[in-house]
Amino acid sequence: MIQEDIFKKIIAHCKEYGFIFPSSEIYDGLGAVYDYGQNGAELKNNIRRYWWDSMVRLNENIVGIDSAIFMHPRIWEASGHVSAFNDPLIDNRDSKKRYRADQLIEEHLEKIEDKIQKEVEKARQKFGEAFDEQKFRTTHPRVLENQKKYDDTKKRYITALEKENLKDLHQIILDTGIVCPVSGSKNWTDVRKFNLMFSTQLGSVSDDANTIYLRPETAQGIFVNFLNVQKTGRMKIPFGIAQAGKAFRNEIVARQFILRMREFEQMGMQFFIKPGTETEWYNYWKEKRMRWHKALGMGDHKYRYHDHDKLAHYANAACDIEFEFPIGFKEVEGIHSRTNFDLGNHEKFSGKKIQYFDQDTNESYTPYVIETSIGLDRMFFTIISNSYTEEKVDWEGSAKEERVVLKIPPALAPVQLAVLPLTRKDGLPAKAREIMDRMKFDFNCQYEEKDSIGKRYRRQDAIGTPFCITIDHQTLEDDTVTIRYRDTLKQDRAAVEKLPEIMGDKVSLQKLLKSL
Ligand code: ATP
């Protein structure tokens, strides 16, 4: 199946099974805004908890806060967002579609890279063991020609971005013959700057002085509370402040489901360090964050680092952790060495001294910062897209049938245990509810009695429930149940009192955290 089709199927599945709904759907939706349904909210909470605990609980020197979304407007001047949080946009006159100029060029570069790679793979197959890739890349005429195109365009592109030269970006699009994916034409407008912040008015008087912004990132709420937390928590450098919360960006191109939303959630941690130690801590967090992702067991080969060519206005080193979605590798998390840009600027703009006094060396300084910032929604989609499986299975010995199952890491599953009375008679529902009442303090349980047991199993597979138990007549006699495992479809008989032991290890967030 083509990857784009899988992407569409997953989106439909998310809606059908209560994970994600388009926002305001009965009014035909709102562009790039989504609501999380009953199962989505549980999964999101579990991911957030996994992140929060791994940061705040496991590190003595990291604390968590929850700052407001509305902040003083001067903050966004100090942070550079008013002047520099822009995307270059371009319109195609024929299709009337709007694009990000930088993304059009990057996609063009990726296509050239793909062409080169295809050529290399073809040759590798042809020559087998004797293939010398280095030699091939430096001698094959078509590869050389494409490599030159790539290098020249990339160089022009990076320079244009660094100088924020919109004319050059426009010229690159014309010179490389990039066409609109919808109309196929090269009828482009000029490139213009577009600020991504949403603004609104505070209070009842609407003049410029009251204009405030919906925060475009959670990081600034941490920087402006640096002194509050450092002093009240008696924190010693190096230390970190974490927070998870909503951020808002008026994205120009928002066509990728929850990968690019206008309202989304970030989980960020700012780690304050002594100037001069940034390389060491940058590498530390780069590695540590990758370990957090890989611990979920979704396949190490699905992740890669992507170092930034163009650094944001605040950074001196930056990379992304990318995940392989059905539509290719995309950023999930950014790790940025932000220098003392933010604290330094807040000191300037607020007129308040924001420094750290180091008692060991008797000196004051503005701390440097390493940031880790992960999008909760994108993280959600790594899990959903990686878990979505269509497979042929033997249902209770019958002919092979297709099932759709979400193989969500059990510790994050929205429902961990489904409690299913075999029939609605003979006191089985009452017994099932009694078991549910015992289990619900330790596990997120769901009770279901409607439809055949096979149908109920399939519904639980579709939402990724790792364990189902069936209560039958034997349960009434000896307090045992049939336990059915999501991934293997194996069924065992087990005593109810043993369930916490059987399930505990597999659905335990603690165990996941211990593996980090
Ligand atoms: P991109 O380059 O994809 O626009 P970014 O580099 O601007 O992302 P950051 O400012 O580093 O993103 O934000 C940190 C994280 O927040 C990203 O890694 C991503 O997971 C998430 N994120 C950013 N923008 C969005 C969005 N519009 N929708 C959903 N998640 C987002």
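Colleague: So, the overall build of the chain: which residues are in play, and what are the values?
Modeller: Helix and strand counts for the chain come out as 18 helices and 23 strands. Considered along the principal axes of its C-alpha atoms, the chain spans approximately 80 × 65 × 55 Å. Looking at the chain residue by residue over its 516 residues, the buried ones come to 49%. Across the chain, every contact between residues at least 6 apart in sequence was considered, and the portion connecting residues at least 24 apart equals 65%. Where the 79 positive side-chain charges of the chain centre and where its 80 negative ones centre are 2 Å apart.

Colleague: Mind laying out the pattern of salt bridges, listing which residues take part and the relevant values?
Modeller: Under the defined criterion, the tally for this structure stands at 46 salt bridges. In this structure, Asp-53 and Arg-49 form a salt bridge, with 2.9 Å as the shortest nitrogen-oxygen distance. Separated by 4 residues within a single helix, Asp-53 and Arg-49 lie in helix 2 (residues 38–57), roughly one turn from each other. With relative accessibility at 4%, the residue Asp-53 sits in the buried group. The residue Arg-100 makes a salt bridge to Asp-102 at a minimum N-O spacing of 3.0 Å.

Colleague: Explain the domain arrangement of the chain to me, using residue names and the numbers behind them.
Modeller: Per the domain assignment, the segments making up the chain are domain 1 (1–70 + 215–289 + 318–385) and domain 2 (409–514). The interface of domain 1 with domain 2 comprises 14 residues on the first partner and 12 residues on the second. Contact with domain 2 buries area across many residues of domain 1, yet Asn-39, Asn-46 and Tyr-50 alone supply 38% of it, more than any other trio. Counting the contacts that link domain 1 with domain 2 gives 0 salt bridges. On inspection of domain 1 and its partner domain 2, the count reaches 4 residue pairs in polar contact (both at pLDDT 80 or more). Tallied by class, the residues present in the side of domain 1 that touches domain 2 amount to 7 nonpolar, 4 polar and 3 charged.

Colleague: Describe the sheet that holds strand 6 (residues 192–195), and please don't skip the residues or the numbers.
Modeller: Across a sheet, strands are paired by hydrogen bonds formed along the backbone, either parallel or antiparallel in direction. The strand order 5-4-6 describes an open sheet built from 3 strands, whose pairing is antiparallel. The open sheet has two free edges, formed respectively by strand 5 (98–100) and strand 6, since each of these has just one partner strand. The average undirected angle you get between the axes of adjacent strands in this sheet is 45°. Alignment of strand 4 (residues 86–91) against strand 5, held across 3 bridges, turns out to be antiparallel. What sits directly across from Ile-90, in strand 5, is Tyr-99. With respect to the sheet, helix 5 (residues 101–127) is in contact with strand 4 and strand 5, its orientation differing from that of strand 5 by roughly 70°.

Colleague: Describe unusual backbone geometry, and please don't skip the residues or the numbers.
Modeller: Here Ile-237 and Pro-238 are connected by a cis peptide whose omega angle stands at 5°. Among the structural elements, Pro-238 can be located in the loop between helix 10 (226–232) and strand 9 (239–248). With a phi angle near 50°, Phe-257 is a residue other than glycine that sits in the positive phi range. Note that Phe-257 resides in the loop between strand 9 and strand 10 (263–273). Of the residues examined, Phe-257 reaches a relative accessible area of 5% and is grouped as buried.

Colleague: So, the side chain of Arg-215: which residues are in play, and what are the values?
Modeller: Relative to the assigned elements, Arg-215 resides in the loop between strand 8 (211–213) and helix 9 (219–223). Asp-66 provides the closest opposite charge to the buried, salt-bridge-free Arg-215, at an N-O distance of 5.5 Å. Here Ser-67 takes part through its backbone oxygen, which lies 3.2 Å from a polar atom of the side chain of Arg-215. A polar side-chain atom of Arg-215 sits 2.6 Å from the main-chain carbonyl oxygen of Lys-246.

Colleague: Hey, could you go over the site of the ligand for me, with residue numbers and the actual values?
Modeller: Around the ligand, the surrounding shell holds 16 residues, and the nearest of these are Glu-251, Arg-260, Met-261, Glu-331 and Val-332. Met-261 places a polar main-chain atom, nitrogen or oxygen, 2.8 Å from a nitrogen atom of the ligand. Contacts to the ligand include Arg-378, whose side-chain N or O atom sits 3.1 Å from an oxygen atom. When contributions to the shell around the ligand are tallied by element, the ones reaching two or more residues are strand 10, strand 13 (328–339) and strand 16 (368–375). Of the residues assigned to the shell around the ligand, the class counts are 5 nonpolar, 5 polar and 6 charged.

Definitions and limits used
Residues numbered from 1 in each chain as written. Predicted model: local features only at pLDDT ≥ 70, side-chain atom pairs only at ≥ 80, totals over all residues. Heavy atoms only, no water. Helix = DSSP H or I, 4+ residues; strand = E, 2+ residues; numbered from the N terminus. Buried < 20%, exposed > 50% of the residue type's maximum accessible area, 1.4 Å probe, protein only. Contact = heavy atoms within 4.5 Å. Lys, Arg positive; Asp, Glu negative; His and termini not counted. Charge placed at Lys NZ, Arg CZ, Asp CG, Glu CD. Salt bridge = Lys/Arg side-chain N within 4 Å of Asp/Glu carboxyl O. Domains from an automatic or database assignment. Buried area = accessible area lost by both parts, 1.4 Å probe. Polar contact = N/O pair within 3.5 Å; in protein donor to acceptor, adjacent residues only side chain to side chain. Nonpolar A, V, L, I, M, F, W, Y, C, P; charged D, E, K, R; others polar. Pairing = 2+ DSSP bridges. Axes fitted to C-alpha atoms, helices over the stretch in contact; angles between N-to-C directions. Near = heavy atom within 4 Å.

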